[in-house]
Amino acid sequence: SAVISQKPSRDICQRGTSLTIQCQVDSQVTMMFWYRQQPGQSLTLIATANQGSEATYESGFVIDKFPISRPNLTFSTLTVSNMSPEDSSIYLCSVEDPDRGHEQYFGPGTRLTVT
Amino acid sequence: QKEVEQDPGPLSVPEGAIVSLNCTYSNSAFQYFMWYRQYSRKGPELLMYTYSSGNKEDGRFTAQVDKSSKYISLFIRDSQPSDSATYLCAMSGLTGNTGKLIFGQGTTLQVKP
């Protein structure tokens, strides 16, 4: 299965600043996804990022707040902009392994705390 | 009504017990069904993946999907303290974004030695 890494693993940021989270995969994948897991909650999809096209955002999430880049088939970034304490969450990227159908694998997550 | 319902527990069992975890869902369009295990402060780890209805077994784990009842289950045999984690069901296959996973709330499991 695909091996996924994320940077940073955690960060504490001040209100009003922005943080860019990186996601690196050890193999080429078409579809990458960004999820948010708020404290004590399950995972919610933020957006789908396909290489060569604009990211597709889910209801409740907008590009100005969560801009995403997908420059190639192994890398993506998610930026959390103009942060507020409500953005304190774990942010996870995931990929569909092209050799394993629709199986989806997750990175270790980035734990963000906004003060 | 949530698209995917899962009892959050917590569920506490003695070591060696058979554990049954369940989810129900409302959208009959779901085609792919997954169970993830998530340890504290870690990302979700894919345990089982099933396409459509049927059973799948992998070691001590068995996944069942009953699309007619919109009900999926995960059974853990001979449970171990190392199985203590949160178990998340997830589903995908919707038209427009087949990769979008809809998660249940997660069930917290504790296996006591």
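Located above this text is the structure these notes cover.
Figured I'd write up the structure that's included with this text. (Residues numbered from 1 in each chain as written. Chains lettered and ligands numbered in written order. Predicted model: local features only at pLDDT ≥ 70, side-chain atom pairs only at ≥ 80, totals over all residues. Heavy atoms only, no water.)

1. Description of the overall build of chain A
Point 1. Along the backbone of chain A there are zero helices and eleven strands.
Point 2. Of the regular secondary structure in chain A, the N- to C-terminal order runs β-β-β-β-β-β-β-β-β-β-β.
Point 3. On C-alpha atoms alone, chain A measures out to a radius of gyration of 13 Å, which is about the 13 Å that the 2.2 N^0.38 rule sets for 115 residues.
Point 4. When the backbone C-alpha atoms are referred to their principal axes, chain A occupies close to 40 × 25 × 20 Å.
Point 5. Taking all 115 residues of chain A together, the buried fraction comes to 54%. (Helix = DSSP H or I, 4+ residues; strand = E, 2+ residues; numbered from the N terminus. Rg over C-alpha atoms; globule rule 2.2 N^0.38 Å. Buried < 20%, exposed > 50% of the residue type's maximum accessible area, 1.4 Å probe, protein only.)

2. Quick look at the environment of Glu15 of chain B
All names here are of chain B.
Point 1. Considering the arrangement of structural elements, one finds Glu15 in the loop between strand 2 (11-14) and strand 3 (19-25).
Point 2. By relative accessible area, Glu15 is classed as partly exposed at 41%.
Point 3. In this structure the C-alpha to C-alpha distance between Glu15 and Pro113, which are 98 residues apart in sequence, comes to 5.2 Å.
Point 4. Leave out the neighbours within four places in its chain, and Glu15 touches Ser79, Gln80, Pro81, Val111, Lys112 and Pro113. (Contact = heavy atoms within 4.5 Å.)

3. Overview of the interface of chain A and chain B
Point 1. The interface is formed by 20 residues belonging to chain A together with 19 residues belonging to chain B.
Point 2. When the buried surface of chain A facing chain B is broken down by residue, Ser42, His102 and Phe106 of chain A rank first, second and third, together holding 30% of it.
Point 3. If you look at where chain A meets chain B, you find one salt bridge.
Point 4. Its salt-bridge partner being Lys100 of chain B, residue Glu58 of chain A comes within 2.5 Å of it at the nearest N-O pair.
Point 5. At the surface where chain A touches chain B, the tally comes to nine residue pairs in polar contact (both at pLDDT 80 or more). (Buried area = accessible area lost by both parts, 1.4 Å probe. Salt bridge = Lys/Arg side-chain N within 4 Å of Asp/Glu carboxyl O. Polar contact = N/O pair within 3.5 Å; in protein donor to acceptor, adjacent residues only side chain to side chain.)

4. Remarks on the sheet that holds strand 8 (residues 75-80) of chain A
All names here are of chain A.
Point 1. The strand order 1-3-8-7 describes an open sheet built from four strands, whose pairing is antiparallel. The open sheet has two free edges, formed respectively by strand 1 (4-7) and strand 7 (68-72), since each of these has just one partner strand. When the angles between neighbouring strand axes are averaged without regard to direction, this sheet yields 15°.
Point 2. For strand 7 and strand 8, the ladder comprises three bridges, and the chain directions are antiparallel. Considered in strand 8, the bridge of Ile68 is made with Leu78. (Pairing = 2+ DSSP bridges. Axes fitted to C-alpha atoms, helices over the stretch in contact; angles between N-to-C directions.)

5. Things to note about the packing of aromatic side chains
Point 1. Enumeration according to the criterion identifies eleven aromatic pairs over all chains in this entry.
Point 2. Seen in terms of ring centroids, Tyr35 of chain A and Phe103 of chain B are 5.9 Å apart; in terms of plane orientation they differ by 90°. Their pairing is edge-to-face. Pair noted here: Tyr35 of chain A is in strand 4 (residues 31-37) and Phe103 of chain B is in strand 10 (residues 102-103), and the two residues belong to different chains. There is no split in this pair, since Tyr35 of chain A and Phe103 of chain B are both buried.
Point 3. Members of the aromatic cluster, each reached through a chain of ring pairs, are Tyr35 and Phe106 of chain A together with Tyr36 and Phe103 of chain B. (Phe/Tyr/Trp six-rings, centres within 6.5 Å; stacked < 30°, edge-to-face > 60°.)

6. Overview of the side chain of Ser73 of chain B
Residue and element names in this part refer to chain B.
Point 1. Looking at the element boundaries, Ser73 is found in strand 8 (residues 71-76).
Point 2. Residue class for Ser73 comes out buried when judged on its relative accessible area of 4%.
Point 3. Reaching out from Ser73, the side chain makes a polar contact with the side chain of Asn22 at a distance of 3.0 Å.

7. Some remarks on the sheet that holds strand 1 (residues 4-6) of chain B
All names here are of chain B.
Point 1. Taking strand neighbours across the sheet as the criterion, the five strands line up as 1-3-8-7-6 in an open arrangement whose pairing is antiparallel. Looking at which strands have only one partner, the edges of the open sheet turn out to be strand 1 and strand 6 (54-58). Strand-to-strand, the axes of this sheet are offset by a mean angle of 15°, without reference to chain direction.
Point 2. Strand direction decides the pairing type here: strand 3 and strand 8, joined by six bridges, are antiparallel. Following the sheet pairing, Ser20 is matched in strand 8 by Phe75.

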